[in-house]
Amino acid sequence: MTERIINILIQSFPKILVPGLLKTIPLTALAFSIGFCIAVVVALIQFAEIPVLRQVCRFYIWVIRGTPLLVQLFVIFYGLPRVGILIDPFPCAVIVFAVNEGAYAAETIRGALESVPHGQIEAGYCVGMSWVQIMYRIVLPQALRTAFPTLGNELISMVKDTSLAANITVTEMFMTTQRINSVYYEPLALYLEVGFIYLMFSTVLTKLQSLGEKRLASYGKR
Amino acid sequence: MPMLEIKNLRKSFDGLDVLKGISLSVEKGDVISILGPSGGGKTTFLRCVNFLEKADGGEMVFDGRHIDLARVSGREMREVRMKTGFVFQNYNLFLNKTALQNVTEGLVTARRMEKAKAESLAMAALDKVGLAERASYYPVQLSGGQQQRVAIARALVTEPEIIYFDEPTSALDPELTGEVLSVMRDLAREGQTLLVVTHEIGFARNVSSRVCFIEGGVMVESAPVEEFFGAPKEARTRAFIQAITSKEV
Ligand SMILES: Nc1ncnc2c1ncn2[C@@H]1O[C@H](COP(=O)(O)OP(=O)(O)O)[C@@H](O)[C@H]1O
Ligand SMILES: [Mg+2]
C-alpha cells in the first residue's frame, strides 16, 4: 500500500514539475512583468493627477480589486467568445493575471511614489529637469525600492494563484495533478505533493526577495 | 538694464493675499538679502520667481526676455530655470544619488552634457564648497551643513545667472551655519549674483550689497546695505532692525 503511494509520488513528481516549469513559471513571469508595467503607468497617471485618465485608472482599480480573480478568468475565457472574442487558454490567463496584478501593484507603487519626499521634485525642476526625467531618474527608483517587499509578496501570491488557471483549461501544475489523480485516485498524497512543489517555488522566491531587500537596503549606510 | 526685474508680483492662496505686488530689480553681481518676519511672503516670493508656485499676476524681465508671470509657458519656465539655481531650506538633495551625482544630474539629464565633462565640472564645484572628498557619499551619510553645501554645488555647477537661497541655514544646528555662510560669502566675492532670504543679520550686513524688507506681502523697504542699516526710511524697518539687533546681545 505505502509502496504503491511512494511509487505514484515518484512517478508523478516529474510529470507535475515539468508543467510547473513550462507553464506555471512562464505564466507568472509574463503576467507579473506585464502587470508591473501597467502598474507603473497607472500609478504615474494618478500621481501626476492627469484629469480624466486618472478617473479611468480609479475605475480600473475599483473593478479589478472588487471582483474575484476566478470570475475575471471566466468572463474573459468563457464569456467573451459570446461576442466573438476567442483567446487561447494560456494567453488568456496571462492577460487576466497581468490586468489583475496591475491593479494591485498600481496601488502599491502609488503609495510608494507619494512617500518620496516632495522637495526632490522641486529640486529637479530647479536644475532644469522635466517631469518625466525627474520621475524616471529620481522618484521612481526610490519608490520602487520602497515598494519592493510588497511587490515581492504579490509575486509569491501570483505563483500560487496561477493554479486558478486550471479552471480555464491551462494544463499547469494543478490541472496536471488533477489528471494524474483521476487515474490513480490518491488525492491526499498527490495534492500534498503538488502543494509541496508550490512551496518550493515560493521558498525560492522568498529567499530571492530577502536577498534583494538586503542589497537594496538603503542609499548609503549611515 | 537690470539682469532680472520683477514687477508687481501678486499671489494669493485661497483668497488670502500673500504677495500684494512686489517689485525687485537685480543687477549682475548684486548680492541681495531679503529680511522680514515669518509669514511675510518671502518664501512664496522666491518660489513664484522660479515658478514653483504660479503667480496670479506680475511680470518678469530676465536676461532680456519678457515673461508674463500669470501666463508663463512650460518652455519659458524651463528656459529660465536652466539659467538659475535654487537652494532650499531643507536641502532637497536627491536621496538616491551620491553627492557627485546630485551635482552632475542637472548637467547630464537636463543639459545633455557628456558624463566625463559633467563629472569634472561637478568635482570642481564640490571642491569649491570643500566637499571633494565626500563625492561618493549619499545624502544620508552627510551632516546638514554638508548636505546644504552639496546643494549649493548643485546650484552653482550650471553657472547660473542668479542663485536663489531660501533660508539656507535655518534648518541647521548653530555650529553648522558657519560653513554654509562662508561658502556663500566666497560666491559673493567671486561676483556671483545672489538673492538670499535669510535671518542671518551678519550675512545681510557684511556680505550683501542690497537689503530688502518684506512684511505682510509688501516690499516695505529696499536699499543699499549701508542705507538700510544706517538710515532706514520706514518706521517698520527701523522697528524690525531694532528687534533683531537687540536679540543679538
Ligand atoms: N501652499 C500654501 N497654501 C496656503 N497658504 C500658504 C502656502 N504657502 C504659504 N502660505 C501662506 O502664505 C503666507 C506667507 O508664507 P511664506 O511665503 O512661507 O512666508 P515667509 O517665507 O516669509 O515666512 C503665510 O501666511 C503662509 O501661511
Ligand atoms: Mg520662508
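Structure: above.
Since we're looking at a predicted model, the values are computed, not measured.

S.K.: It is not clear to me how the sheet that holds strand β2 (residues 16–26) of chain B should be interpreted in this structure. Could you clarify?
M.R.: In sheet architecture, strand pairing relies on hydrogen bonds along the backbone and comes in two forms, parallel and antiparallel. Residues and elements named next belong to chain B. Strand order in this open sheet of four strands is β2-β1-β4-β5, and the pairing throughout is antiparallel. What marks the edges here is a single partner per strand, and that holds for β2 and β5 (65–68). Within the sheet, the average angular offset between the axes of one strand and its neighbour, ignoring direction, is 15°. The pairing of strand β1 (residues 4–13) with strand β4 (residues 57–62) spans five bridges and is antiparallel. Counted as the bridge partner of R10 is G57 from β4. Sheet strands in contact with helix α1 (residues 42–49) are β1, β2 and β4, and its direction is about 120° off that of β1.

S.K.: Can you help me understand the site of ligand 1 in this one?
M.R.: All names here are of chain B. Surrounding ligand 1, one finds F13, V18, P37, S38, G39, G40, G41, K42, T43 and T44. At a separation of 3.2 Å, an oxygen atom of ligand 1 approaches a polar backbone atom of G40. Within the backbone of G41, one N or O atom sits 3.0 Å away from an oxygen atom of ligand 1. When ligand 1 sits alone it has 560 Å² of accessible area, and the protein chains cover 62% of it. Per element, the largest residue contribution to the shell around ligand 1 is three residues, and it comes from α1.

S.K.: Any chance you could explain the packing of aromatic side chains here in plain terms?
M.R.: Given two aromatic rings, one states the distance between the centres and the angle between the planes to describe the pair. Enumeration according to the criterion identifies nine aromatic pairs over all chains in this entry. With centroids separated by 5.8 Å and ring planes inclined at 50°, the aromatic side chains of F59 of chain A and W62 of chain A adopt a geometry described as tilted. Here W62 of chain A and F59 of chain A lie together in helix α2 (residues 53–65), a separation of three residues that amounts to about one turn. For the pair shown, F59 of chain A and W62 of chain A are each scored as exposed. Their ring planes at 45° and their centres at 6.1 Å tell us that Y219 of chain A and Y138 of chain B sit as a pair that is tilted. Note that Y219 of chain A is positioned in the segment after α8 (187–215) and Y138 of chain B in the loop between α4 (115–128) and α5 (144–156), a pairing that runs across two chains. We classify Y138 of chain B as partly exposed; its relative accessible area is 23%.

S.K.: Would you mind showing me how to read the nonpolar core here?
M.R.: Considering soluble globular proteins, one finds that nonpolar side chains tend to be buried as a cluster. Of all hydrophobic cores here, the largest spans 82 residues; its most connected members are F97 and L113 of chain A together with L4, L9, F45, M60 and L195 of chain B. If you tally residues by element for this core, the top one is helix α4 (residues 89–115) of chain A, at 12 residues. When near neighbours in sequence (up to four residues on either side) are disregarded, L9 of chain B contacts L19, K20, G21, I22, F45, C48, V49, A55, G57, G58 and L69 of chain B. Grouped together as the second largest cluster of nonpolar side chains are 37 residues, Y91, A125, A151 and F203 of chain B included.

S.K.: Quick question: what am I supposed to make of unusual backbone geometry here?
M.R.: Of all residues except glycine, most have a negative phi; of all peptide bonds, most are trans. All names here are of chain B. Even without being a glycine, D14 presents a positive backbone phi close to 45°. Residue placement: D14 occurs in the loop between β1 and β2. By relative accessible area, which is 83% here, D14 ends up exposed.

What counts and what doesn't
Residues numbered from 1 in each chain as written. Chains lettered and ligands numbered in written order. Predicted model: local features only at pLDDT ≥ 70, side-chain atom pairs only at ≥ 80, totals over all residues. Heavy atoms only, no water. Pairing = 2+ DSSP bridges. Helix = DSSP H or I, 4+ residues; strand = E, 2+ residues; numbered from the N terminus. Axes fitted to C-alpha atoms, helices over the stretch in contact; angles between N-to-C directions. Contact = heavy atoms within 4.5 Å. Near = heavy atom within 4 Å. Polar contact = N/O pair within 3.5 Å; in protein donor to acceptor, adjacent residues only side chain to side chain. Areas by Shrake-Rupley, 256 points an atom, 1.4 Å probe, with all protein chains shown as cover. Phe/Tyr/Trp six-rings, centres within 6.5 Å; stacked < 30°, edge-to-face > 60°. Buried < 20%, exposed > 50% of the residue type's maximum accessible area, 1.4 Å probe, protein only. Core = buried A, V, L, I, M, F, W, Y, C linked by side-chain atoms within 4.5 Å.

Read these as geometric descriptors, not functional statements.
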